[in-house]
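As a plain string of letters, each chain reads:
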Amino acid sequence: SAIVVMGYFTSAAAHTFSPVSRTVKLRMFKCDHTTIIVCGCACGIMHWRYALHGFNHDIAVLAEELLIASTLVAIVIFWMLPPSWLGAAGRLLRTVCVLVVLLGGNFPVLQHTALQGIDPLAVSPFVLFVVGGLFYLFQFPERLWPGGFDIIGHSQQILHVCFGFAHVIQYMFISNNVQRK
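As the structure is a computational prediction, the values presented were derived from the model and not from experiment.

Moving on, we come to the overall build of the chain. Secondary structure assignment for the chain yields seven helices and zero strands. Scanning the chain from its N terminus toward the C terminus, one meets helices and strands in the order α-α-α-α-α-α-α. For the chain, the proportion of its 181 residues judged to be buried stands at 45%. Residue pairs in contact within the chain that sit at least 24 positions apart in sequence constitute 70% of those at least 6 positions apart.

Shown next, in the form of structure tokens:
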């Protein structure tokens, strides 16, 4: 939960201080995206380690290593991007990097669902991550009404709300499954 709070702090700082200069904006948003990726990786590792019963240990270890590797690759991509990719040009790449890590960390939930039936706590984070990512990727609704959603309802705000709810639901899912052990 500390990582999630750190993610929202980093995002708030990025949006607050981005008007200072182009360099500050670039660095702050790279920190913001890095924190989102690290948060996704941490949540994924919690899923792989604590949430599921009877999961093949070797597969879980391999999945954790792949998740950490994809996280490191995503972070390197974010820090290597030229400043021009901070805007719309890099939106697809940033969205894909974030979703690969966030959804990759949730794949154990598919096994849980296959073994124990559909659990709303298990499926909801997938839906929220994808919905938030799509709102961000397609810049909806501000693309339809430019200037109408500058304060409330911007696609990035929707992304953060979806991701926040997804992380809370993940925590509830993990807590419920750890308590059953």
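Moving on, there is more to tell.
This brings us to the packing of helix α4 (residues 91-104) against helix α6 (residues 120-137). Geometry of a packed helix pair, given as the angle between the helix axes and the separation of the axes. Interaxial distance between α4 and α6 falls to 10 Å at its minimum, and their mutual angle equals 175°. Classified by the angle their axes make, α4 and α6 are roughly antiparallel. Contacts between α4 and α6 involve Arg91, Leu92, Arg94, Thr95, Leu99, Leu102 and Leu103 from the former and Phe126, Phe129, Val130, Gly133, Tyr136 and Leu137 from the latter. Residues belonging to the contact of α4 with α6 are distributed by class as follows: nine nonpolar, two polar and two charged.

Ile37, Phe78, Val98, Val101, Phe129 and Phe163 are the most contacted members of the largest nonpolar core, which has 26 residues in total. Counting residues per element, this core draws most heavily on α4, at six residues. Contact partners of Val101, with chain neighbours within four places excluded, come to Ile37, Gly40, Cys41, Leu67, Ser70, Thr71 and Ala74.

Before going further, it helps to spend a moment on the side chain of Thr10. If you trace the backbone, Thr10 turns up in helix α1 (residues 2-17). With relative accessibility at 12%, the residue Thr10 sits in the buried group. Excluding its chain neighbours within four sequence positions, the residues that come into contact with Thr10 are Cys31, Asp32 and Thr35.

Before going further, it helps to examine α4. Under the 1.5 Å per step criterion, the end-to-end length of α4 is 20 Å for 14 residues, consistent within 8% with the ideal 20 Å. Of the positions making up α4, those classed as buried are Arg91, Arg94, Thr95, Cys97, Val98, Leu99, Val101, Leu102, Leu103 and Gly104.

Applying the stated criterion across every chain, the model contains three aromatic pairs. Centre to centre, the rings of Phe135 and Phe140 are 5.7 Å apart; their planes meet at 50°, and the pair counts as tilted. Where Trp145 meets Phe149, the ring centres are 5.8 Å apart and the plane angle is 55°; that geometry is what we call tilted. Here Trp145 falls in the partly exposed class, since its relative accessible area comes to 48%.

Turning to a nonpolar patch on the surface, a few remarks are in order. Together, Val130, Leu134, Phe138, Phe140, Leu144 and Trp145 make up a nonpolar patch on the protein surface, roughly 570 Å² of accessible area in all. Along the chain, the position of Phe138 falls in the loop between α6 and α7 (155-180). Given the relative accessible area of 46%, Phe138 is considered partly exposed.

On to the environment of Phe78. Its place among the elements puts Phe78 in helix α3 (residues 57-80). On the basis of relative accessible area, Phe78 is assigned to the buried category, the value being 2%. With 49 residues separating them along the chain, Phe78 and Phe29 place their C-alpha atoms 9.3 Å apart. Among all residues touching Phe78, those that are not within four sequence positions of it are Lys30, His33, Thr34, Ile37, Arg94, Cys97 and Val98.

A few words on the environment of Gly44. Inspection of the secondary structure puts Gly44 in helix α2 (residues 22-51). When the C-alpha atoms of Gly44 and Ile68 are compared, they prove to be 9.3 Å apart, with 24 residues separating the residues in sequence. Not counting the four nearest positions on each side in its chain, Gly44 is found in contact with Leu67 and Gly105.

The rules behind these values
- Within every chain, residues take consecutive numbers counted from 1 along the sequence as written.
- For a predicted model such as this one, the threshold for reporting local features is a pLDDT of at least 70, and the threshold for listing and counting side-chain atom pairs is 80 or more; totals across whole chains, interfaces and linings nevertheless cover every residue.
- Heavy atoms from the whole structure form the basis of all side-chain values; hydrogens and water molecules are not counted.
- Numbering of helices and strands starts at the N terminus; helices are DSSP runs of H or I of at least 4 residues and strands are runs of E of at least 2.
- Classification of residues uses two cut-offs on accessible area relative to the type maximum, computed with a 1.4 Å probe and protein chains only: under 20% is buried, over 50% is exposed, and between them is partly exposed.
- In this analysis, two residues are considered to be in contact whenever any of their non-hydrogen atoms come within 4.5 Å of each other.
- Only C-alpha atoms enter the line fits that serve as axes; for helices the fit covers just the stretch in contact. Angles between N-to-C directions range over 0 to 180 degrees.
- Should an angle fall under 35 degrees it is called roughly parallel, over 145 degrees roughly antiparallel, and 65 to 115 degrees roughly perpendicular, with every other angle called oblique.
- All residues other than Ala, Val, Leu, Ile, Met, Phe, Trp, Tyr, Cys, Pro, Asp, Glu, Lys and Arg, Gly among them, are scored as polar; the first ten of these are nonpolar and the last four charged.
- Note on terminology: a nonpolar core comprises buried Ala, Val, Leu, Ile, Met, Phe, Trp, Tyr and Cys residues joined through side-chain atoms within 4.5 Å.
- Multiply 1.5 Å by the residue count of a helix minus one, and that product is the helix's expected span.
- Only the six-membered ring of Trp is used, alongside the rings of Phe and Tyr, when aromatic pairs are assigned; centres must lie within 6.5 Å, and planes under 30 degrees apart are stacked while those over 60 apart are edge-to-face, with the rest tilted.
- Patch rule: a residue counts if its relative accessible area is over 30% and it has no salt bridge; like charges are joined within 9 Å, and nonpolar side chains (Val, Leu, Ile, Met, Phe, Trp, Tyr) within 5 Å.
- Note that accessible areas follow from Shrake-Rupley with a 1.4 Å probe, and for residues the cover is restricted to the protein chains shown.
- Every case where a carboxyl oxygen of Asp or Glu lies within 4 Å of a side-chain nitrogen of Lys or Arg is listed as a salt bridge.

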